[in-house]
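Coordinate inspection notes
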Amino acid sequence: HSMMVSAPTQTVQEADNKTDERISPQTQPIKTDDISPGPPKSSNDTGNPRKSMIHFNQDSQRFLKQGVEEKETKNSTEEGSCFMQFISSMLAPFRKEDALEEVNNSVSKQDMIQSVEEIFDGANKIEIDTIEETSERNLDYTHDNDDDDPNSAGAPATADQATALDVTADEYLEQGKLEDAMKIHERALKIRLETMGKDHIDIVHSYNKIATILRCQNKYDEALETYKKVLTIRLKNLGPDHPDTAKTYNSIANVLSRQGKFDQAMKKYQEALTIRIKVFGWDHMNTSETYCNIAGVLYNLGQYDGAMKIHQLVLAIRLKGVGHYDPDIADTYNNMACILYDQGELGEALKLYKQTLGIRLRTVGPDHLDSAATYYNTANVLRKQFKYPEAMAMHQQALKIRLEAIGKDHADTADCYHCMSVILQSQGKNQKAKTMCQEALEIRKKCLGQDHSETIRTQELLDKLDA
């Protein structure tokens, strides 16, 4: 089961292990952004945020009126019928007015301020292993969603060549061709260094692109070193309180999170949060991204209640900022549902996944990979509730989207085959289960390798089916 931080989509994995729906370059175009890769995390509070979350959930039923006529379907199969019945409950329009009323009634300004204070209090209790900094503050923090324009006014003509190389490299990134993209970005970096000098602010554009590729290649130490260069340039040109400096702290924290260095990541997220509160305010959408990332660290530390409380804060800010009918709201519901799933609250998790799916169907569309992730998450909840026909229908829908969007030979596609095999086994349909399992095993061997834990899990399932 995996979550999205800030704008991420998480997926519930079949064996209760957490994976990030967005880290694979083949899943969707690679973007440089300051979104954390992991699930939401929790803080050290002792309250019961789930009760407040359920209040959100109950009020939110106003958004999903159940009086919609069920759509007829020509699909006469058991799975298809269950699927359409399930979807029909999510096709009512949302009302922004209800969303705003919900925020005003359930989260006061004082509650939000208290939540911000608790974020810092929780983070300060974590023992920090400080990253070594050079005398030039050559820290390892960079940002990913960079909007730096490499074409600065008055730059030499060769700067245009670097820009053209960026376009070509980004095309390779969208295709998942990381090595080719890296070579071209290195050429663009060389041009910029020669024409602008090592301290020019536009140099960070190349460094950020390179660091992103290194991160996707799991070369975290090299990514950190590259982000150090970005931070040095931004501190020198922009100062310590600039929003782009906050992006850099945020990006380094993302890499540290991927390395499992959650205490160090928390410190860097705090630095980003301090800047963003100062620049944008505590209740700004940009600030909510850092709250979400902090929740991701706490989630990884197993502090689910605290993570839920922070996501409630994020939800309130985003409802005020963009209304209910927005992909950011879907991401937040998804993260909250992932926490509930891990806590065994399957009924409440399912309600939030329904809301997530309802929003995503309207905003990104039924064929988007984010929608596929929600079908997948929902299916795994339904499977744990022993609702096998409904779960199979959801997995079939996720599989259809993934086959069209990323192809058969992708780890996410293998996840669908594996989960469908588990359902068929539970239904006593061992021969069909074996066929699905063989598909999953073949893909996982190709994409992940023979010794990967997911490959081993699928091999073990196949051995049981053969026994």
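In what follows, the structure referred to is the one given above.
In this text, all values refer to a predicted model and were calculated from it rather than measured experimentally.

**What to know about the overall build of the chain**
Helix and strand counts for the chain stand at 19 helices and two strands. Within the span of the chain, comprising 467 residues, buried residues form 56% of the whole. In the chain, the share of contacts with a sequence separation of at least 24, taken over all contacts with a separation of at least 6, comes to 70%. Here the chain displays about 19100 Å² of accessible surface, and carbon together with sulfur accounts for 46% of that area.

**Remarks on the nonpolar core**
If you look at the biggest cluster of nonpolar residues, it comprises 51 residues, and the most contacted ones within it are Leu315, Ile329, Tyr333, Leu352, Tyr353, Tyr375 and Val381. Secondary structure elements with two or more residues in this core: α12 (304-322), α13 (327-342), α14 (346-363), α15 (369-384), α16 (388-405), α17 (411-426), α18 (430-447) and α19 (453-466). Top contributing element to this core by residue count: α13, with nine residues. Ignoring sequence-local partners within four residues, the contact set of Ile329 consists of Leu315, Arg318, Leu319, Val322, Gly323, His324 and Ile359. Core analysis: the second largest hydrophobic core is formed by 40 residues, Ala159, Ala211, Ile233 and Ile294 among them.

**A look at the pattern of salt bridges**
As enumerated under the stated definition, the model contains 17 salt bridges in all. Salt-bridge contacts for Glu225 lead to Lys228; the nearest nitrogen and oxygen are separated by 2.9 Å. Within this pair, Glu225 and its partner Lys228 are both found in helix α8 (residues 220-237), separated by three residues, close to a single helical turn. Glu225 gets classed as partly exposed once you look at its relative accessible area, which sits at 43%. Judged by relative accessible area, which is 16%, Lys228 ranks as buried. Across the pair Lys278 and Asp241 runs a salt bridge whose closest N-O atoms are separated by 3.1 Å. Within this pair, whereas Lys278 is found in helix α10 (residues 262-280), its partner Asp241 is found in the loop between α8 and α9 (243-258), the two being separated by 37 residues in sequence.

**A look at α9**
For α9, spanning 16 residues, the distance from its first C-alpha to its last is 23 Å, which sits close to the expected 22 Å at 1.5 Å a residue. Among the residues trailing α9, Gly260 stands out with phi positive, at a value near 80°.

**A look at unusual backbone geometry**
You will see that Phe386, though not glycine, has its phi angle at about 65°, which is positive. Looking at where Phe386 falls in the secondary structure, it is placed in the loop between α15 and α16. Given the relative accessible area of 63%, Phe386 is considered exposed.

Reading the values: the criteria
Counting of residues starts from 1 at the beginning of each chain's written sequence and follows it residue by residue. Reporting of local features is limited, given that this is a predicted model, to residues whose pLDDT is at least 70; pairs of side-chain atoms are given and counted only at 80 or more, and all residues count toward the totals for whole chains, interfaces and linings. Excluding hydrogens and water, the side-chain values take into account all heavy atoms of the structure. Secondary structure follows DSSP: runs of H or I at least 4 residues long count as helices, runs of E at least 2 residues long count as strands, and numbering of each begins at the N terminus. Buried means the residue's accessible area, taken with a 1.4 Å probe over protein chains only, is under 20% of the maximum for its type, while exposed means over 50%, and partly exposed covers the values in between. Pairs of residues are marked as contacts when any of their non-hydrogen atoms sit within 4.5 Å. Only the protein chains shown count as cover for residues, with accessible areas throughout obtained via the Shrake-Rupley method and a probe of 1.4 Å. Working definition of a nonpolar core: buried Ala, Val, Leu, Ile, Met, Phe, Trp, Tyr and Cys residues. They are joined through side-chain atoms within 4.5 Å. The working definition used for a salt bridge is a side-chain nitrogen of Lys or Arg within 4 Å of a carboxyl oxygen of Asp or Glu. Here, expected helix span is obtained from the residue count minus one, scaled by 1.5 Å.

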